[in-house]
Amino acid sequence: MVGVDFVSPTNSQIISCRKNGIVQVWSAETAAQLSSLQLGSEVSTIACCQSSRSAFIGLSSGQLVVLDLNTPESPRIIFEDRIHHGSILHIAFDMSGKLLFTGSDDGHVIILDTRASNKFKCLGHIDVKGQVTGIASLHQLKIEKEWCYLAISSVCDNSSVISHAKLPVDLHLQPKEAFDDDTFHMDPKFISRADCQLDFLASSVAMVNPNIMVTVDVTKKNVVILNLNSGKLTVTDRANGHLLKGGSVVISPHGKWIGSYSGDGQIIFRSIEDAQNSVSIPCHSHFLGGTSFLKFANDGQQVLSCGKDGVIALWKWNYDSLVTEEKATVLGAVDASRGRYASLLGLRKEQDAVLQNMPALSALKCQEKTWLAKVEAGVQELKDKTFEPQIEELRKSISELRATVLGMIEQTKMLMVLSS
């Protein structure tokens, strides 16, 4: 198992992917398999969109595949495009329901439109050094609904960097000034980009708010809380993590709880306010590779995990032992999800209608060029056309010069013959 997620918006279905390309849809209530689909290609990750009943699947070939899940008993492939040279290692959605971010080991984070009505268009890219180890996005509905924050963790030459940026959610409407070249590379100044070097090797990144992030110290096996101030990251807290090196972290939708998972098979939960206290649950076999994915439900009340042991686990919080005041605190996640659900209702209805009208693809095609390679080729072709008159004039001048030189050589030979 390489990934699992709740199908939006009700969490009543679950979708999972195996590395061998098998996609399965399950009932969250009965655990019954509703459908199975063979993609015929190796899968690397999966994530479901909040603004439609769709799943975005990353392949090891660098292709992105979109499934229509409006009929869970019969999922359909409706879109594919190669957007990375290497495996798509990470897929992250902006919670506004409009933007999607993908990362690989090719030095690019690609930004796409999640909407079927915009044909899942690639909107731009952000370049990083080395391999992307995590992507996190944050959208504050009640504070800055026109903007989202982005955090990217990457590793190059055994050194980790976390890049922080601020992007408009309606990126497709932005002027050319948002980019610093014709390949749609995001202008660092426009997105207020800050690249922060860490003094430890980090894997994964999650965002609590625009200035607070969480990562994992691979060597010390700590969960680390970071604060961004004036373009610099400082460690504000460290807590013991997993028994084995590595691992990843996720944040609950309301930004209060940290979930972490690792090759030791444990999943660990803790609150942002008290990271030292945690609850550890043995879940997947560490002999077979441990936990490979962890996902909070949109309302934070359920958690999905899957492991390299082939097991999918669905967890629910048990509030029976809590007093009324404590229940009110933890149920804040439900209140946060209700506001988000209401804000996406119109967009979801619109996009689901578009999804259902899109034709199904019978099979995946292996595309040689990535989106960015096609854009770069188009830019070069445009440049060639722009300078074509000058190039043609230069060719003509060179041809005339060559004829003149050859004529002079011929005349020289004739004079040498006459003189002899």
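The written sequence of each chain sets the order in which its residues are numbered from 1. In keeping with the model being predicted, local features are shown solely for residues with a pLDDT of at least 70 and side-chain atom pairs are shown and tallied solely at 80 or more, while totals for entire chains, interfaces and linings include all residues. The basis for every side-chain value is the complete set of non-hydrogen atoms in the structure, without hydrogens or water.

With respect to the overall build of the protein
Phase 1 of the analysis: Here a strand is any run of E in DSSP of at least two residues, a helix any run of H or I of at least four, and the numbering for each starts at the N terminus. For the protein, the helix and strand inventory stands at 4 helices and 27 strands.
Phase 2 of the analysis: Taking the principal axes of its C-alpha atoms as reference, the protein extends roughly 115 × 50 × 45 Å.
Phase 3 of the analysis: Any residue under 20% of the maximum accessible area for its type is buried, any over 50% is exposed, and the rest in between are partly exposed; the area is computed with a 1.4 Å probe on protein chains only. Each of the 420 residues in the protein was classed as buried or not, and the buried ones make up 51%.
Phase 4 of the analysis: Both charge centroids of the protein, one from 40 positive and one from 45 negative side chains, sit 1 Å from each other. As used throughout, the charge tally considers Lys and Arg to be positive and Asp and Glu to be negative, leaving His and the chain termini uncounted. Charge placement uses NZ in Lys and CZ in Arg. For Asp and Glu, CG and CD serve respectively.

Examining the sheet that holds strand E27 (residues 312-316)
Phase 1 of the analysis: Following DSSP output, two strands are said to pair if at least two bridges run between them. If you walk across this open sheet you meet the 3 strands as E25-E26-E27, and the pairing is antiparallel. Either end of the sheet is taken by a strand with one partner, and the two such strands are strand E25 (291-296) and E27. Each neighbouring strand pair of the sheet contributes to a mean axis angle of 20°, computed without reference to strand direction.
Phase 2 of the analysis: The sheet contact formed by E25 and strand E26 (residues 302-307) spans 5 bridges and is antiparallel. Across the sheet, the residue bridging to Phe-293 is Cys-306, located in E26. Axes here refer to lines fitted to C-alpha atoms; in helices the fit is confined to the stretch in contact. Angles between the N-to-C directions go from 0 to 180 degrees.

A word on unusual backbone geometry
Phase 1 of the analysis: Even without being a glycine, Asn-11 presents a positive backbone phi close to 65°.
Phase 2 of the analysis: For Asn-11, the position within the fold is in the loop between strand E1 (3-6) and strand E2 (13-17).
Phase 3 of the analysis: Positive phi is not limited to glycine here, since Ala-31 has a value of about 65°.
Phase 4 of the analysis: By the element assignment, Ala-31 lies in the loop between strand E3 (22-27) and strand E4 (33-38).
Phase 5 of the analysis: With relative accessibility at 56%, the residue Ala-31 sits in the exposed group.

A short note on the pattern of salt bridges
Phase 1 of the analysis: The salt bridge criterion pairs a side-chain nitrogen of Lys or Arg with a carboxyl oxygen of Asp or Glu, the two atoms within 4 Å. Per the stated rule, a full pass over the model turns up 7 salt bridges.
Phase 2 of the analysis: A salt bridge links Asp-170 to Lys-98, with the nearest nitrogen and oxygen atoms 3.1 Å apart. You can see Asp-170 sitting in the loop between strand E15 (159-168) and strand E16 (194-197) and its partner Lys-98 sitting in the loop between strand E9 (90-93) and strand E10 (99-103), a full 72 residues away along the chain.
Phase 3 of the analysis: The exposure class of Asp-170 is buried, given its relative accessible area of 17%.
Phase 4 of the analysis: Arg-193 is the salt-bridge partner of Asp-195, the closest N and O atoms lying 3.0 Å from each other.

Regarding the pairing of strand E18 (residues 212-217)
Phase 1 of the analysis: A large share of E18 lies buried, amounting to 5 of its 6 residues.
Phase 2 of the analysis: As judged from the 6 bridges shared by strand E17 (residues 202-209) and E18, these two strands associate in the antiparallel manner. Across the sheet, residue Met-207 finds its bridge partner in E18, namely Met-213.
Phase 3 of the analysis: Here E17 hands over to E18 after 2 residues, the two strands then running antiparallel side by side.
Phase 4 of the analysis: Connecting the antiparallel pair E18 and strand E19 (residues 222-229) is a turn made up of 4 residues, with Lys-221 showing a positive phi of about 60°.

Brief notes about the packing of aromatic side chains
Phase 1 of the analysis: Stacked, tilted and edge-to-face are the three classes applied to pairs of Phe, Tyr and Trp rings, where Trp contributes its six-membered ring and a pair requires centres within 6.5 Å; stacked means planes under 30 degrees apart, edge-to-face means over 60, and tilted covers the rest. Applying the stated rule across the entire model yields 7 aromatic pairs.
Phase 2 of the analysis: Judged by centre distance (5.6 Å) and plane angle (85°), the ring pair of Phe-56 and Phe-120 falls under edge-to-face. Here Phe-56, found in strand E6 (residues 54-59), pairs with Phe-120, found in the loop between strand E11 (108-113) and strand E12 (122-127); they are 64 residues apart in sequence, far enough to count as distant.
Phase 3 of the analysis: Taken together, a centroid distance of 5.1 Å and an interplanar angle of 70° make the contact between Phe-269 and Trp-317 edge-to-face. Residue Phe-269 is found in strand E23 (residues 266-271), and its partner Trp-317 is found in the loop between E27 and helix H1 (324-330); the two are separated by 48 residues along the sequence.
Phase 4 of the analysis: For a Lys NZ or an Arg CZ to count as sitting over a ring, it must be within 6 Å of the ring centre and within 35 degrees of the ring normal. The lysine or arginine in question, Lys-166, covers the ring of Trp-147, its NZ or CZ lying 5.2 Å from the ring centre.
Phase 5 of the analysis: One residue, Arg-238, lies across the ring of Phe-200, its end atom 5.1 Å from the ring centre.

Overview of the sheet that holds strand E22 (residues 257-261)
Sheet strands pair via backbone hydrogen bonds, and the direction of the pair is either parallel or antiparallel.
Phase 1 of the analysis: If you trace the 4 strands from one edge of the open sheet to the other, you get E21-E22-E23-E24, paired in antiparallel fashion. Each edge of the sheet is formed by a strand with only one pairing partner; in this case those strands are strand E21 (248-251) and strand E24 (278-282). Put simply, the sheet's adjacent strands are angled 20° from each other on average, direction ignored.
Phase 2 of the analysis: Relative to E23, E22 runs antiparallel, the two sharing 5 bridges. Its bridge partner lying in E23, Gly-259 is registered against Phe-269.

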